[in-house]
Each structure stands twice: as structure tokens, then as C-alpha cells.
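If you want the building blocks of each chain, they are given just below.
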Amino acid sequence: MRNTKHPGRVEDYTDAFLGTVAVILFMGFWIIAATFGFIWVIITTAIIDLGIKRITGQR
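A.B. asks: How should the overall build of the protein be read in this particular structure?
C.D. replies: Per the secondary structure count, the protein includes one helix and zero strands. Over its C-alpha trace the protein gives a radius of gyration of 28 Å, far above what one expects of a compact globule, namely 10 Å for 59 residues. Overall, the C-alpha framework of the protein stretches about 90 × 20 × 10 Å when taken along its three principal axes. Of the charged side chains in the protein, 6 are positive and 4 negative, and the gap between their average positions amounts to 13 Å.

What follows is the structure, encoded as C-alpha cells:
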């Protein structure tokens, strides 16, 4: 076992890993922001609609 030759240094994939993680995190945060933005728009429009209906007296 002691006479086994080591293959030497391996390739460094750190930059590729960090680049891929950055892209995945960016896409994930973009999806989260878009989802919460969409929910915020739905809630806001519902509140505005209720306010307009109260002001005008419609049902």
C-alpha cells in the first residue's frame, strides 16, 4: 500500500461551482420576489376594489 503512486493534483472546480451556485440563487430569489409581488398585487387590487365598492355603495 505504501508504494502506491498518488495521481497528483486534481482540477480546481471551485470557480465553476461558485458561478453555478450564484446563478441558481439568483433564479431562486427572482422566483420568490415574483411570487410575493404577484400575491401583493392580488391583495392590493382586492382592497382597492372593496374600497371603491364602499365609496360608491355598490354590492
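Resuming the write-up.
A.B. asks: Which parts of the structure should I look at to understand the environment of Thr 45?
C.D. replies: Mapping Thr 45 onto the fold places it in helix α1 (residues 14–56). A polar atom in the side chain of Thr 45 sits 2.9 Å from the backbone oxygen of Ile 42.

A.B. asks: Is there a simple way to explain the pattern of salt bridges in this structure?
C.D. replies: When the charged atoms of two side chains lie near each other, side chains of opposite charge can form a pair. Scanning the entire structure with this criterion turns up one salt bridge. The residue Lys 53 makes a salt bridge to Asp 49 at a minimum N-O spacing of 3.5 Å. Within this pair, Lys 53 and its partner Asp 49 are both found in helix α1, separated by four residues, close to a single helical turn. Residue classification places Lys 53 among the partly exposed residues on the basis of a relative accessible area of 32%. Taking relative accessible area as the criterion, Asp 49 reaches 36% and is therefore assigned partly exposed.

A.B. asks: What am I meant to see in the environment of Val 41 here?
C.D. replies: Counting through the fold element by element, Val 41 comes out in helix α1. Put simply, Val 41 and Ile 24 are 17 residues apart on the chain and 26 Å apart in space, counted from C-alpha to C-alpha.

Analysis parameters
- Residues numbered from 1 in each chain as written.
- Predicted model: local features only at pLDDT ≥ 70, side-chain atom pairs only at ≥ 80, totals over all residues.
- Heavy atoms only, no water.
- Helix = DSSP H or I, 4+ residues; strand = E, 2+ residues; numbered from the N terminus.
- Rg over C-alpha atoms; globule rule 2.2 N^0.38 Å.
- Lys, Arg positive; Asp, Glu negative; His and termini not counted.
- Charge placed at Lys NZ, Arg CZ, Asp CG, Glu CD.
- Polar contact = N/O pair within 3.5 Å; in protein donor to acceptor, adjacent residues only side chain to side chain.
- Salt bridge = Lys/Arg side-chain N within 4 Å of Asp/Glu carboxyl O.
- Buried < 20%, exposed > 50% of the residue type's maximum accessible area, 1.4 Å probe, protein only.

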